[in-house]
There are 2 protein chains.
Amino acid sequence: MYPFSFHNPTRIEFGVDKERFMGAYMREYGAKRALIVYGSERVKQSGLFARVANGLREQGIEFIECGGIKSNPILSKVREAVQMAKDFKADSVLSIGGGSCLDSAKAIAAGACYSGDVWDFFKGTPIPQALMIFDVITLAATGSEMNWGAVITNEETRQKDSIHDRLLFPKVSVINPQLQATVSREYLVYSAADIIAHSIEAYFTAENRPQIIDGLVENNIKSVIQTTEKLLADPDDLDARGEFAWAATLALNGLTHLGIGKYQFPNHMLEHSMSAICDVPHGAGLSVLMPAWMHWYQAHNPQRFIRFAREVFALDSAEQGIQALRAWFDKIGTPTRLSQLNITDAQLEEIIENAAQTAKQRNLDVLYSKAAISDIFALTR
Amino acid sequence: MYPFSFHNPTRIEFGVDKERFMGAYMREYGAKRALIVYGSERVKQSGLFARVANGLREQGIEFIECGGIKSNPILSKVREAVQMAKDFKADSVLSIGGGSCLDSAKAIAAGACYSGDVWDFFKGTPIPQALMIFDVITLAATGSEMNWGAVITNEETRQKDSIHDRLLFPKVSVINPQLQATVSREYLVYSAADIIAHSIEAYFTAENRPQIIDGLVENNIKSVIQTTEKLLADPDDLDARGEFAWAATLALNGLTHLGIGKYQFPNHMLEHSMSAICDVPHGAGLSVLMPAWMHWYQAHNPQRFIRFAREVFALDSAEQGIQALRAWFDKIGTPTRLSQLNITDAQLEEIIENAAQTAKQRNLDVLYSKAAISDIFALTR
């Protein structure tokens with residue numbers, strides 16, 4: 001194993017009804033004034049918002065609200081909420097929603113302690129301080145509930161970019177699998193694709209692969225495959241819902257990246273360009289890209305693709321493993337071809353250009369030249 | 001998955017030479033006056049102590065030392081060190097050694113902030129406060145480097161008992177696999193048995209078994225088996241040493257106990273009586289007990305023993321799985337029969353009596369009556 005530092009201070013409160021205690025958890029950390037961010041009005045109609053808010057009131061925590069955060073969350077909304085947090089003198093941001101909502105909360109928490117523009121952080125300015133972050137996560141996918149990252153789209157420049165900082169670990173994340181039972185079939189399968197993408201990026205690209213880490217990743221992928229199938233058969237299977245949620249958290253809380261040296265996130269890099277230009281659901285973009293990228297990349301790491309085929313699908317060849325993943329995506333109903341995403345040829349050109357620019361900024365353009373990116377997208381047709 | 005809380009705040013610094021930076025890590029947490037505890041003089045002869053101490057001096061951290069901590073660490077030594085920490089007005093305890101040393105450090109950290117006797121905590125008195133705990137771990141086995149527990153033997157009453165408290169999580173644990181390369185062949189295989197015991201206790205006894213957790217446990221056991229064999233063939237295999245060390249940490253840092261409901265540690269309960277009465281190495285006691293206990297217990301949970309056989313050893317029946325584990329212990333050279341431990345019949349009587357008392361105190365005597373414990377030990381012959 002290569003050297004590593006691991007320090008994940010997020011506290012997870014997992015279980016039915018735990019959102020009722022969010023006020024008490026926040027109180028333990030000294031929160032007194034919160035900005036609550038959420039997405040659609042469904043969290044109000046369902047009674048979820050009220051259950052959480054009552055818990056805050058019981059603990060004497062004052063709060064204001066900022067709703068309307070969309071998937072592929074945008075910078076203008078973050079800026080608006082940063083101003084609200086500053087005006088309110090909030091000491092904490094509480095997200096009630098999925099990964100988009102929580103990622104916005106993280107950016108807001110950083111922006112609210114900074115006199116400049118929050119986008120500066122996405123261009124490399126260090127984050128000096130951040131409000132405390134809490135969340136009730138309603139969609140298992142991004143893993144944001146137990147990590148230090150956030151992804152935001154700058155809709156003016158059409159850049160989808162990320163920040164990472166120790167200050168952005170949530171203090172407490174509530175995972176109540178029952179809340180996730182209302183997720184649509186569509187978003188369930190997109191989430192499955194997203195979790196698998198989080199699992200395979202480093203698995204295929206890392207310079208070092210300790211077997212103990214490989215086993216964690218493969219276990220996670222197998223868990224996602226099993227539990228997705230159970231949930232498609234019975235959306236109310238609470239055990240499967242819980243395991244699916246925990247697989248999402250484990251896929252990106254740092255444990256699967258320990259001791260592996262350098263690695264890349266190429267599928268995410270390419271997909272971020274897709275959803276920045278066309279606003280496709282992140283998981284749908286990933287399920288289109290992954291089999292194409294795997295096919296294109298396999299020659300760089302052939303033994304690893306053979307291992308993937310064997311351990312995840314009990315198959316013998318690299319190509320069979322890739323085909324099995326695509327077939328599984330088809331089976332569960334997440335897109336595997338660009339044509340399913342209604343992206344025009346003109347938009348595709350723009351996506352390729354955008355991705356090539358990102359690759360250049362990250363010094364990944366030796367491997368991900370514009371021509372290479374075109375080749376990968378050609379394989380998605 | 002059953003409800004759970006998970007919050008493991010320990011920072012891991014993993015890699016060759018990381019012990020040199022312990023002073024800097026401690027400084028980050030504000031440590032100024034440390035009690036350093038260690039076991040044998042080997043940590044001085046090897047230069048390890050000096051490397052760590054120099055790092056403390058560079059950061060202006062003052063310290064005193066307390067050496068001579070033995071495996072199966074004893075209360076009288078802890079009491080002596082508690083007094084030293086009080087007299088020195090230490091703000092932190094730094095362990096340079098294995099799990100016994102670190103467990104002592106945890107008990108010392110709690111005792112130094114308490115006017116009564118440290119053994120009170122082992123009898124149920126809540127721990128009000130504790131000094132900061134840091135460690136350089138030189139033997140992978142107990143998992144103490146990333147958990148909140150400590151086990152100490154009261155040599156007067158011949159009780160080996162444990163404390164658990166959030167205050168006992170180390171702030172920073174250094175795992176340098178190279179330091180563990182000097183561990184004797186004997187202690188390597190005892191450690192392997194200990195890690196496997198940590199893995200199987202909850203695996204066989206928990207009321208709920210999410211598959212994602214099962215997979216983590218089985219991956220850990222397989223990793224221990226693989227890396228132990230590599231290390232027996234080549235003690236300098238640093239990759240295997242690192243994975244072995246990380247498997248030890250993962251086996252008992254809480255992750256494999258999430259969502260599983262209630263569970264027991266029967267093999268540890270019985271072994272603690274063995275080493276309290278006879279001072280046998282903990283891992284050696286466990287490798288004798290485990291196959292016997294598994295044989296005795298399997299009827300309580302037959303499907304699980306079949307799964308163990310299949311997933312860990314690719315075998316079909318519960319009995320084959322148990323035999324395979326015993327055979328593997330024999331192969332690596334850790335004892336599997338009571339006769340190998342030089343325990344007299346009189347001592348065995350005492351062990352059984354001691355274990356029966358413990359079972360009673362923990363309300364486990366419905367299953368672990370004195371007769372049942374005798375039956376289990378009979379199977380170790």
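Given the structure is predicted, the values throughout are model-derived calculations rather than measurements.

Q: Could you clarify how one ought to interpret the packing of helix α7 (residues 185-205) of chain B against helix α13 (residues 318-332) of chain B in this entry?
A: Axes are the key here: two packed helices are described by the angle between their axes and the distance separating the axes. Residues and elements named next belong to chain B. In the contact formed by α7 and α13, the axes pass within 10 Å of each other and the chain directions differ by 160 degrees. Accordingly, the angle class assigned to the pair α7 and α13 is roughly antiparallel. In this structure, α7 crosses over α13, and the sense of that crossing is right-handed. Side by side, α7 and α13 meet where V189, A192, A193 and I196 of the first sit next to L325, W328, F329 and I332 of the second. Tallied by class, the residues present in the contact of α7 with α13 amount to 8 nonpolar, no polar and no charged.

Q: Looking at this structure, how should I read the interface of chain A and chain B?
A: Where interface size is quoted, it is often the accessible area lost as the parts come together. On the side of chain B, 37 residues touch chain A, which itself brings 37 residues to the contact. Between chain A and chain B the total buried area reaches about 3,000 Å² when both faces are included, carbon and sulfur atoms providing 58% of it. For the chain A face of the interface with chain B, the top three residues by lost area are M1, F4 and I212 of chain A, together amounting to 21%. On the surface where chain A and chain B come into contact, there are 0 salt bridges. Linking chain A with chain B are 20 residue pairs in polar contact (both at pLDDT 80 or more), by the criterion used here. Elements with a minimum of two residues in the side of chain A that touches chain B: β1 (4-6), β2 (11-14), α8 (211-233) and α9 (238-251) of chain A. Element by element, the count of residues in the side of chain A that touches chain B is highest for α8 of chain A, at 10 residues. Taken together, the residues of the side of chain A that touches chain B sort by class into 19 nonpolar, 12 polar and 6 charged.

Q: Sorry if this is basic, but what is going on with the pattern of salt bridges here?
A: Side chains bearing opposite charge may pair, as long as their charged atoms lie close to each other. Within this structure, the stated rule accounts for 40 salt bridges over all chains. Here R209 of chain B ties to D214 of chain B by a salt bridge, and the two come within 2.7 Å at their closest N and O atoms. Considered together, R209 of chain B and D214 of chain B belong to a single accessibility category, that of buried residues. Residues joined in a network through salt bridges with shared partners are R209, D214, E218, R304 and R307 of chain A.

Q: Teacher, can you tell me more about helix α7 (residues 185-205) of chain A here?
A: Because an α-helix completes one turn every 3.6 residues, residues spaced three or four positions apart along the sequence face the same direction. The first and last C-alpha atoms of α7 of chain A sit 31 Å apart over 21 residues, in line with the 30 Å expected at 1.5 Å per residue. In terms of residue burial, α7 of chain A counts as a mostly covered element, since 18 of its 21 residues are buried.

Q: For this particular structure, what's the right way to read the UniProt feature "domain: Alcohol dehydrogenase iron-type/glycerol dehydrogenase GldA" (unreviewed entry) in chain A?
A: In the numbering used here, UniProt assigns the "domain: Alcohol dehydrogenase iron-type/glycerol dehydrogenase GldA" (unreviewed entry) feature to residues 9-177 of chain A. End C-alpha atoms of residues 9-177 of chain A are separated by 22 Å, and the span's content is 31% helix alongside 25% strand.

Q: Quick question: what am I supposed to make of the sheet that holds strand β6 (residues 132-137) of chain B here?
A: Pairing between the strands of a sheet comes from backbone hydrogen bonds, and it takes one of two forms, parallel or antiparallel. As summarised here, the arrangement of the 7 strands in space is β1(A)-β2(B)-β9(B)-β6(B)-β5(B)-β3(B)-β4(B), forming an open sheet in which the pairing is mixed. Where the open sheet ends on each side, the last strands, each with one partner, are β1 of chain A together with β4 (62-66) of chain B. Here the average twist between neighbouring strands, direction ignored, is 15 degrees. Note: strand β3 (residues 33-38) of chain B against strand β5 (residues 92-97) of chain B, 5 bridges, orientation parallel. Of the residues in β5 of chain B, the one forming a bridge with A34 of chain B is S92 of chain B. Packed on one face of the sheet, helix α4 (residues 75-88) of chain B meets β3 and β4 of chain B and runs near 160 degrees to β4 of chain B.

Q: Where do I start with the relation of the copies chain A and chain B in this structure?
A: Each of the two chain copies can be generated from the other by rotation about an axis followed by a shift along it. You can overlay chain A on chain B at an RMSD of 0.0 Å; the transform is a turn of 180 degrees with a shift of 0.0 Å along its axis. The operation mapping one copy onto its partner corresponds to a two-fold rotation axis. Minimal C-alpha distance to the rotation axis in chain A is attained by P9 of chain A, lying at 2.4 Å.

Q: Would you mind showing me how to read the domain arrangement of chain A here?
A: Residue and element names in this part refer to chain A. On domain assignment, one finds that chain A holds domain 1 (11-179) and domain 2 (185-379). If you average the C-alpha positions of domain 1 and of domain 2, the two centres end up 26 Å apart. Contacts between the two partners involve 22 residues from domain 1 and, on the opposite side, 27 residues from domain 2. Each partner contributes to the roughly 1,900 Å² buried at the junction of domain 1 and domain 2, and carbon and sulfur atoms together form 56% of this total.

Q: When you look at the side chain of S275 of chain A in this model, what are you seeing that I'm missing?
A: Here S275 of chain A shows up in helix α10 (residues 266-278). Discounting residues that sit within four places of it in the chain, S275 of chain A has contacts with N72, K160 and V280 of chain A.

Q: Is there a simple way to think about the environment of I376 of chain A in this case?
A: All names here are of chain A. For I376, the location among the structural elements is in helix α15 (residues 370-378). Judged by relative accessible area, I376 falls into the buried class, the value being 0%. Along the backbone, I376 and Y2 are 374 residues apart, and their C-alpha atoms lie at a distance of 31 Å. Ignoring any residue separated from it by four or fewer positions in sequence, one finds I376 in contact with L270, L289, A292, W293, W296 and Y368.

Q: So what exactly am I meant to see when it comes to the nonpolar core here?
A: Generally speaking, a soluble globular protein has its nonpolar side chains buried in company with each other. One finds W246 of chain A together with W246 of chain B to be the most contacted residues of the largest nonpolar core, which totals 234 residues. With near-sequence residues (within four places) excluded, W246 of chain B lies in contact with M1, F4, I212, I213, L255 and L258 of chain A together with I12, M146 and I175 of chain B.

Q: Whenever I open this one, empty space enclosed by the protein confuses me. Can you help?
A: A probe as big as a water molecule, rolled over the atoms, marks out the empty space that is left. This model, assessed by the stated rule, comprises 4 cavities of 30 Å³ or more. Taken as a whole, the largest cavity holds about 130 Å³ of empty space. Lining the largest cavity, in full, are I212, L216, N220, L250, L255 and T256 of chain A together with L216, N219, N220, L250, L255 and T256 of chain B. Contributions of two or more residues to the lining of the largest cavity are made by α8 of chain A together with α8 (211-233) of chain B. Within the lining of the largest cavity, the residues separate by chemical class into 7 nonpolar, 5 polar and no charged. The volume enclosed by the second largest cavity comes to roughly 60 Å³. Looking at the lining of the second largest cavity, its residues break down into 6 nonpolar, 3 polar and no charged.

The rules we used
Residues numbered from 1 in each chain as written. Chains lettered and ligands numbered in written order. Predicted model: local features only at pLDDT ≥ 70, side-chain atom pairs only at ≥ 80, totals over all residues. Heavy atoms only, no water. Axes fitted to C-alpha atoms, helices over the stretch in contact; angles between N-to-C directions. Helix = DSSP H or I, 4+ residues; strand = E, 2+ residues; numbered from the N terminus. Parallel < 35°, antiparallel > 145°, perpendicular 65-115°, else oblique. Left-handed = near helix turned anticlockwise from the far one by under 90°. Contact = heavy atoms within 4.5 Å. Nonpolar A, V, L, I, M, F, W, Y, C, P; charged D, E, K, R; others polar. Buried area = accessible area lost by both parts, 1.4 Å probe. Salt bridge = Lys/Arg side-chain N within 4 Å of Asp/Glu carboxyl O. Polar contact = N/O pair within 3.5 Å; in protein donor to acceptor, adjacent residues only side chain to side chain. Buried < 20%, exposed > 50% of the residue type's maximum accessible area, 1.4 Å probe, protein only. Expected span 1.5 Å × (residues − 1). UniProt positions renumbered as here; feature names shortened; annotations may be inferred. Pairing = 2+ DSSP bridges. Least-squares fit on C-alpha atoms with pLDDT ≥ 70 in both. Domains from an automatic or database assignment. Core = buried A, V, L, I, M, F, W, Y, C linked by side-chain atoms within 4.5 Å. 1 Å grid on protein atoms, 1.4 Å probe; cavity = no way out; pocket = protein on both sides within 12 Å on 5 of 7 lines; lining within 4 Å. Points joined across faces, edges and corners; volume = space filled by probe spheres on them.

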